[in-house]
Amino acid sequence: MRAIVTALLIAGGIVATACVQSRDGGAATNPVQLPVDSGLAAFIDGIRAVDNHTHVNTVVLADSESDALPLEALLPFDLPMRLRPDNPGWLAAYRALYDYPHADLSDAHMTELRGTIQRVARERGDKFPEWVLDRVGTEVMLANRIAMGPGLAPPRFRWVSFVDPLMLPLSTKDEAAVSPDRQKLFPLEEKLLRRYLAELKIEKLPATLDTYLGTVVTPTLERQRQAGCVAVKFEAAYLRSLDFDEVAANTAGSVYVRYLSGGVPSRDDYKALQDFLFRYIAREAGRLGMAVHIHSFEGAGAFYRVAGSDPLLLESAFNDPTLRGTNFVIVHGGGVYASHAGAMLWKPNVFVDISAMTLLYSPSKMAGLLKDWLLQFPEKVLFGTDASALGPDMGWEVSAWIGTKTGREALSTALTSMMRDGDVSRARANEIATMVMRLNAARLYNLKLQ
Ligand SMILES: [Zn+2]
């Protein structure tokens, strides 16, 4: 998920003035809803988190680099309920972050709130993002962005770059024709590839695939690593299906050469080249010590192809022995395919995160998914929010607060249930909570946490 709501809210004419009836969003019906163990919940609230996935903004006004595929450009689509402006979660976030004193979001009170938000941003300046981390209890936030910028510096913020453009050196005309969404998204990938080439001072693509790998792909990954990247991210599920097959170098190489100076590759030919490049990029990322993040979720968008994001489609890549030096993270936990993501945790180098779920799902629904994973591979599950700017009054800090609160609540519920079922002791529940909230990520990215 990304910064999509601004345009949609404006387009839809929705205004955030609805009165809020209750603060907890009403009853949920998930089987893993039960009174949470208060000691465990307090323990989990006190853990300083590592947030595995966000599109945090810099302090630059109108920051436009928080996502390679910002969906503002797409046609409007309806948002799930929890992201709509009348969700009571926003009010709770305003209270916690900005000491908002009111119990409603009336026009007058919202004007006052906007004043407070601007004042805090002004007063904190470059330190605003770190101030937010302290408010939400996050020690380290991964920033999945085109580039880092003012306010986002290590050790509190760590970069996750985008690598889809490297997989798309040829004309994407036929790829883009598949859906109205893709029509908008592919040109953004082309633009980012041109930026990567410019950073390397390369004016035109090299004549062979081998030279493309050696002078564009590897050097770009090396530059990203040197700039502090801990992982690279594929948003490929927005552009194609995740079935990255094994393809011989000469097959891929001949497609590259055939269409380099013109013409549009057939979709089968282009798939072969992309598949080859995906595995090359993933292998190089592993060699350089960067994990590979892969978007897997049921959205966003009205033309998004959910079936193409099933983590099971990644199994052949996960089983590639030459990729066992690369760690993969199924970002957003596969969403509707959460149990398929769980099945992939048998692979020694595959992890899942709960980002976006923490914004879109109820804590009780999430608790059920988490429990299923934690009963199998607790060392492979990572906390995350997908915090992003979601609209004029819904900056990344607001979604970070909501996602963090929901994540902690869901984890408390899942572990309480496991304790009651006799699956884990209280001590082990505390240990697993610490692993999910921070230690698993610290180990995966080799973060030196105090
Ligand atoms: Zn995201």
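Cut-off values and rules
Numbers given to residues run from 1 along each chain, matching the order in which its sequence is written. In keeping with the predicted nature of the model, local features appear solely for residues at pLDDT of at least 70, side-chain atom pairs appear and are counted solely at 80 or more, and the whole-chain, interface and lining totals rest on all residues. The basis for every side-chain value is the complete set of non-hydrogen atoms in the structure, without hydrogens or water. Think of the donor list as every N, O and S atom within 2.8 Å of the metal, or within 3.2 Å for Na, K and Ca; water never makes the list, so a site can look incomplete. Only DSSP runs of H or I with at least four residues qualify as helices, and only runs of E with at least two residues qualify as strands; both kinds are numbered from the N terminus onward. Each residue is placed in one exposure class: buried if its accessible area under a 1.4 Å probe, protein chains only, is under 20% of its type's maximum, exposed if it is over 50%, and partly exposed if it falls in between. Every residue carries a pLDDT, the predictor's confidence in it, which falls somewhere between 0 and 100. We call two residues contacting when some pair of their heavy atoms lies within 4.5 Å. Only buried Ala, Val, Leu, Ile, Met, Phe, Trp, Tyr and Cys residues count toward a nonpolar core, and they belong to the same one when joined by side-chain atoms within 4.5 Å. Any pair of nitrogen or oxygen atoms within 3.5 Å is treated as a polar contact; in protein, a donor-acceptor pairing is required on top of that, and neighbouring residues in sequence qualify only through side-chain atoms on both sides.

The subject of this paragraph is the coordination of the zinc ion. Surrounding the zinc ion are the protein donor atoms H53 (NE2), H55 (NE2) and D386 (OD), which sit 2.1 to 2.4 Å from the metal. Positions of the donor residues of the zinc ion along the chain correspond to the pattern H-x1-H-x330-D. Of the two residues, H53 is situated in the loop between β1 (49-51) and α3 (88-98) and D386 in the loop between β8 (381-382) and α15 (396-420); the sequence distance between them amounts to 333 residues. Its relative accessible area of 1% is what places H53 among the buried residues.

Bringing the confidence of the model for the chain into the picture now. Put simply, the chain has an average pLDDT of 91, and 92% of its residues get 70 or more. Note that pLDDT drops below 50 for residues 1-31; the model gives that stretch 72 contacts with residues more than four away or on any other chain.

This part covers the nonpolar core. Core analysis: the biggest nonpolar cluster contains 135 residues, and L166, Y212, L370, W373 and L415 have the highest contact counts within it. Of the residues forming this core, the biggest block, 11 residues, is contributed by α15. Among residues more than four places away in sequence, those in contact with L370 are I354, V381, A410, L411 and A414. Counting 16 residues, the second-largest nonpolar core is a separate cluster that includes V230, V331, L382 and Y445.

To continue, consider the side chain of N440. For N440, the position within the fold is in helix α16 (residues 426-444). A distance of 2.9 Å separates the side chain of N440 from the backbone oxygen of P378, its partner in a polar contact. Each residue touching N440, except ones within four places of it in the same chain, is listed here: P378, E379, K380, V381, L382 and M435.

Here the amide bond leading from P154 into P155 is cis, since omega sits at 5°, within 30 degrees of zero. When you line up the elements, P155 lands in the loop between β2 (138-144) and β3 (157-162). The omega torsion of the bond from G299 to A300 falls at 15°, within 30 degrees of zero and hence cis. By the secondary structure assignment, A300 is in the loop between β5 (291-295) and α11 (315-318). Of note in the backbone geometry, D386 takes a positive phi value of approximately 70° without being a glycine. Even without being a glycine, N446 presents a positive backbone phi close to 55°. Exposure remark for N446: the relative accessible area of 55% places this residue in the exposed category.

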